[in-house]
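Commentary on secondary and tertiary structure
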Amino acid sequence: MSTFNPHSEDEIVEIVQWALSEQAPIEIIGQGSKRELGRPLQTEHTIALSTYSGVTLYEPDELVLAAKAGTPVAELEALLAASGQAFQFEPMDYGPLLGRAAGQGSLGGLLTTNLCGPRRLKAGSARDHVLGVRVVSGRGELFKSGGRVVKNVTGYDLSKGMAHSWGTLGVATEITFKVLPKPEAETTLVLRGLADDEAARAMAIAMGSSGEVASAAHLPGNVASRVIGGTLQGEASTLLRLEGFAPSVADRAEMLKKLLASAGTVDTLSEDISRNLWREIRDVIPFADGTERPVWRVSMAPMEAYKLVASLRMGAAVDAFYDWQGGLIWLRMEGDPEAEAVRALVAKYGGGHATLVRASVALRAALPVFEPQPAPLAALSKRLKQQFDPSGIFNPGRMVAGV
Amino acid sequence: MPGLVMPKADEATMSRRAAIVAALQAIVPGEGVVDATNEMRVFESDALTAYHQLPLVVVLPQTVAQVSLILKYCYENNVKVVPRGSGTSLSGGALPLEDAVLLVMTRFNRILEIDYPNRAAVVQPGVTNLGITKAVEHEGFYYAPDPSSQIACSIGGNVAENSGGVHCLKYGLTANNVLGLEMVLITGEVIRLGGKHLDSEGYDFLGLMTGSEGLLGVVTEVTVRILQKPTTARALMVGFPTSEQAGQCVAEIIAAGIIPGGMEMMDRPAIHAAEDFVHAGYPLDVEALLIIELDGPAVEVDHLITMVEAIGRKNGATTCVISQSEEERMAFWAGRKAAFPAVGRISPDYLCMDGTIPRKELPKVLAGMRELSEKYGLRVANVFHAGDGNLHPLILYDANIPDELHKAESFGADILRLCVKVGGVLTGEHGVGVEKRDLMPEMFNEIDLNQQIRVKCAFDERHLLNPGKVFPQLHRCAELGRMHVHRGKVPFPDIPRF
Ligand SMILES: Cc1cc2nc3c(=O)[nH]c(=O)nc-3n(C[C@H](O)[C@H](O)[C@H](O)COP(=O)(O)OP(=O)(O)OC[C@H]3O[C@@H](n4cnc5c(N)ncnc54)[C@H](O)[C@@H]3O)c2cc1C
Ligand SMILES: Cc1cc2nc3c(=O)[nH]c(=O)nc-3n(C[C@H](O)[C@H](O)[C@H](O)COP(=O)(O)OP(=O)(O)OC[C@H]3O[C@@H](n4cnc5c(N)ncnc54)[C@H](O)[C@@H]3O)c2cc1C
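Anyway, here's the lowdown on the structure attached to this text. In this text, all values refer to a predicted model and were calculated from it rather than measured experimentally.

Now for the overall build of chain A. Helices and strands together make up the secondary structure of chain A, namely 14 helices and 18 strands. In terms of overall size, chain A behaves like a compact globule, its C-alpha atoms giving a radius of gyration of 21 Å where 403 residues would be expected to give roughly 22 Å. Overall, chain A is about 65 × 50 × 35 Å in size when its C-alpha atoms are taken along their principal axes. The buried share of chain A, reckoned over its 403 residues, is 65%. Long-range contacts, defined as pairs at least 24 residues apart, comprise 73% of the intrachain contacts of chain A with a sequence gap of at least 6. With 40 positive and 45 negative side-chain charges, chain A shows a spacing of 3 Å between the two charge centroids.

Considered for burial, the residues of helix H11 (residues 302-315) of chain A that qualify are Pro302(A), Met303(A), Ala305(A), Tyr306(A), Leu308(A), Val309(A), Ser311(A) and Leu312(A). Residues of H11(A) that are buried make contact with helix H7 (196-207), strand E15 (295-300), strand E16 (318-323), strand E17 (328-333) and helix H12 (339-348) of chain A.

Residues and elements named next belong to chain B. Along strand E4 (residues 100-104), five of the five residues are buried, which leaves the element largely enclosed by surrounding structure. Of the two faces of E4, the one lined by Ala100, Leu102 and Val104 and the one lined by Val101 and Leu103 are each fully buried. In terms of strand pairing, strand E2 (residues 57-59) meets E4 through three bridges, oriented parallel. Opposite valine 58, over in E4, you have leucine 102 as the bridge partner. As paired elements, strand E3 (residues 80-84) and E4 share five bridges and run parallel to each other. Following the sheet pairing, arginine 84 is matched in E4 by valine 104.

On to the interface of chain A and chain B, then. Contacts between the two partners involve 88 residues from chain A and, on the opposite side, 100 residues from chain B. Both faces combined, the contact of chain A with chain B buries some 8,100 Å², and carbon together with sulfur accounts for 59% of it. Interface area lost by chain A to chain B is led by Lys151(A), Val153(A) and Tyr156(A), which between them contribute 12%. One can count seven salt bridges joining chain A with chain B. Ionic pairing is found between Lys151(A) and Asp388(B), a salt bridge with its closest N-O pair at 3.7 Å. Taken together, the connections running from chain A to chain B amount to 33 residue pairs in polar contact (both at pLDDT 80 or more).

Residues and elements named next belong to chain B. Following both chains from N to C, one finds helix H15 (residues 362-376) and helix H16 (residues 404-421) inclined at 155°, their axes separated by 10 Å at the closest point. Our classification of the angle between H15 and H16 gives roughly antiparallel. Considering how the two elements wind past one another, H15 and H16 form a crossing that is right-handed. Across from Val365, Gly368, Met369, Leu372, Ser373, Lys375 and Tyr376 in H15, the residues of H16 making contact are Lys407, Ser410, Phe411, Asp414, Ile415 and Leu418. Classifying every residue of the contact of H15 with H16 by side-chain character gives seven nonpolar, three polar and three charged.

Residue and element names in this part refer to chain A. Throughout the structure, instances matching the rule amount to 59 salt bridges over all chains. Of the charged contacts, one joins arginine 201 and aspartate 197 as a salt bridge, the two residues approaching to 3.4 Å between their closest N and O atoms. Of this pair, arginine 201 and aspartate 197 are both found in helix H7, four residues apart, which corresponds to roughly one turn of the helix. Residues joined in a network through salt bridges with shared partners are Glu90, Arg119, Glu186, Arg241, Glu243, Glu271 and Arg275.

Residues and elements named next belong to chain B. Taken as a whole, this structure holds one disulfide over all chains when the rule is applied. Linked covalently through their sulfurs, cysteine 457 and cysteine 477 form a disulfide whose S-S length is 2.0 Å. With the S-S bond torsion at -90°, the cross-link from cysteine 457 to cysteine 477 turns out left-handed. Of the two residues, cysteine 457 is situated in helix H18 (residues 446-459) and cysteine 477 in helix H19 (residues 477-481); the sequence distance between them amounts to 20 residues.

Here we come to the site of ligand 2. All names here are of chain B. Neighbouring residues of ligand 2: 33 residues in total, closest Pro83, Gly85, Thr88, Ser149 and Ser154. Between an oxygen atom of ligand 2 and a main-chain N or O atom of proline 83, the distance comes to 2.6 Å. A distance of 3.1 Å separates an oxygen atom of ligand 2 from a polar backbone atom of glycine 93. Protein contact buries 92% of the 980 Å² of open area that ligand 2 shows by itself. Elements with a minimum of two residues in the shell around ligand 2: E3, helix H6 (155-161) and strand E10 (218-225). Considering each element in turn, the shell around ligand 2 owes the most residues, five residues, to H6.

Cut-offs and rules
- Residues numbered from 1 in each chain as written.
- Chains lettered and ligands numbered in written order.
- Predicted model: local features only at pLDDT ≥ 70, side-chain atom pairs only at ≥ 80, totals over all residues.
- Heavy atoms only, no water.
- Helix = DSSP H or I, 4+ residues; strand = E, 2+ residues; numbered from the N terminus.
- Rg over C-alpha atoms; globule rule 2.2 N^0.38 Å.
- Buried < 20%, exposed > 50% of the residue type's maximum accessible area, 1.4 Å probe, protein only.
- Contact = heavy atoms within 4.5 Å.
- Lys, Arg positive; Asp, Glu negative; His and termini not counted.
- Charge placed at Lys NZ, Arg CZ, Asp CG, Glu CD.
- Pairing = 2+ DSSP bridges.
- Buried area = accessible area lost by both parts, 1.4 Å probe.
- Salt bridge = Lys/Arg side-chain N within 4 Å of Asp/Glu carboxyl O.
- Polar contact = N/O pair within 3.5 Å; in protein donor to acceptor, adjacent residues only side chain to side chain.
- Axes fitted to C-alpha atoms, helices over the stretch in contact; angles between N-to-C directions.
- Parallel < 35°, antiparallel > 145°, perpendicular 65-115°, else oblique.
- Left-handed = near helix turned anticlockwise from the far one by under 90°.
- Nonpolar A, V, L, I, M, F, W, Y, C, P; charged D, E, K, R; others polar.
- Disulfide = S-S within 2.5 Å.
- Near = heavy atom within 4 Å.
- Areas by Shrake-Rupley, 256 points an atom, 1.4 Å probe, with all protein chains shown as cover.

And the structure:
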């Protein structure tokens, strides 16, 4: 049982080559903040990248940031904030939901779990912002892909290939991201008392307007009481975030209020409250209850998602709220994760995927944590894994049993 | 084909041509198979017209089942396949091979579904880029990525090339606007990726497919994001005495948090060529001209125009005109949009390059290009997606002068080497194809390239799809799969572990 703490790319290559020669499976961790995520691993050895940390390039004028994979995300966010910039895709922090401290994730973990947040609708996820990677493959070879510029179609986009690979394809050693200035102003409009289906329609109207809504979420009454210190007073709240230059935000807010007048009065949240609210939604604070009660993260077409929740409620006790115009459901189960029921409903209502992001180790070992794939796609995934990690030494079984 | 070596045609395949044609006719009856030489001529090149080659046979399927059967047949019979959309590739991605079936997707031209509440359109790959916008604009929607070829190019080709356009600075490239794909593997297996929902349950195959230049699979359906059109758009035309000042202006606009709907730069030769052609009212006494478009609510556009104007003046702009009407805005763009044909008027032929550089390197790269221009004795005009550093140098030459194409190609290769040297890349949006294939080692070493080819191996281990494109050398997958493992010692036993 060894944990390796490399300090250079050469050392990372050396560790992987050693693991290869021993045929010894090895777990890759950044800061380890998402270990409770995905299928549990039982490897004897670990590469912990927290010692491989530091910014290698930051040029605010060029909107580009590169850092070693073990660099804490929190450190990078602080650095960016000092120049008025941020990762536009707002990477969520799984810490609170998984019963850990906040602010522990690493840059490598951010890419390989493809983090994002409520701005996903408008700004995409980590995969949409990564510009380049350096990776040690399961062959013990260091390769690079991409670069430091936004427009680039030179060769296959292996940077995107690393996104959502959960450490099963290679060890990312250094990653380059596009960064952007933070919006000057922000506000949130709140519609009150809508049922889930009404909220889906209201959000669709808002997103389909020229109001340039950056985020749209719906919190049913019992969830609404668990954010921003109860300011929403436990009443179902449909939330529309507007960001940008102050005059534009004010103008769009007025436009949307008129557009949505038939849905009742529209309240406005101040900038500070709005920022906190979206951070809490991003980090799933309503379900950060210190328990291991199963939590699902379900991505579906926005106008279908509420139907899944309604159907599920007929047979099980569930707590749910919606982000991404309704298309992202965070679902907390009272008891059993009901994996088959959840996935059958995803398929019934237009498809998508359900990931069991929180559950006891026993459940995560017994159930497919990630949405099972149809046979030809599963076979393709297996072949891709084989091409990056032919001996299967990285995170065996993290995504799918046997891969 | 000057200088370009394509994979050696397989005699065995060529000798089986009649059987292959018959098999394809059985799959796609009627007009769907084209095998007469004179009828195949229209397919012999794409928009990289310096290269042409007749295919073995052309097939134009109409259903996914047909595509699947064609590929399965080719797989089982070891026949190569080159996919083609509208044939507007500027890098030779759709260049036929003598011993390959050319699979033309233009009959997949239906819009399958428009779903406004979920802001998605499901279309067949042969639908043109502009065709999507046309289908949704009556509801105020559009499809954002807008390559200049949008009237003609297909959405399937856009996916294969990860195409961009003026709007991509603000709204992202094809990769950021595609939600789902249906594709057929060379084995004939049909795979669906994504859909109207976001992100993937597993590996990001959508990301790998976008920009894969027809080497991984054949796209048979595309789900794209559609967006509401901005309410207003206005443009500024800002001229500078030096490209350094123009470059600095661009950097400051972006640093101020302003992401224009489009931000294009032209250098003096391009300005003059365009002005002579369309009389857009461009200033002729400047070294660099920026066309900056701001879109969004009127209040925002007015606010930002003031900010941009101030940044321009601060950086020494000698001309700064703000569009006061839709006609004027269109006039500003007319010159930029006509830049290619305008250059076509002043030179019998031109090559369009496509490197990307870090923005701050622009003055250095422009100076380098001037030197190269003198060295090769060929003129060059530059249009430039300024916001994201994507250069389009147009190299002027005359194909009737012996060796001038070759000279222009060497000049182009030197420009791209310069782009890579300053931290940029070989191609920003036009793809590698055959044109930049042999330059790939300028950017990637053998390990990098081999890992990319291994992705290809996961999809198409026999290298039957579009061989000879993208990779200078396509190693056999079995060879790439071999591992050389050295029996190692425990690495650095003296470092602390947990
Ligand atoms: C030496 C050490 C031992 C530890 N032991 C334990 C322990 O036994 N139990 C425990 O609960 N916590 C342990 N921790 C704490 C825990 O590891 C950290 O909090 C955690 O690693 C940080 O999470 P992360 O966001 O970096 O993503 P992680 O949770 O590390 O990773 C998320 C996913 O991304 C992958 N990944 C991360 N970085 C990369 C990369 N660079 N390249 C490719 N894939 C990557 C991972 O394999 C994983 O699939 C340990 C920490 C250290 C440093
Ligand atoms: C005048 C002009 C202006 C241009 N402007 C721009 C611009 O502004 N921005 C830009 O990015 N590009 C531009 N281009 C380049 C070109 O239009 C794009 O690359 C376009 O996406 C190609 O689409 P197509 O349908 O013509 O594809 P084709 O040229 O037919 O094929 C291109 C590649 O895609 C593959 N392919 C095509 N269809 C499929 C499919 N269904 N499945 C799998 N693979 C497929 C082919 O094998 C080939 O490798 C321009 C071209 C011209 C001629």
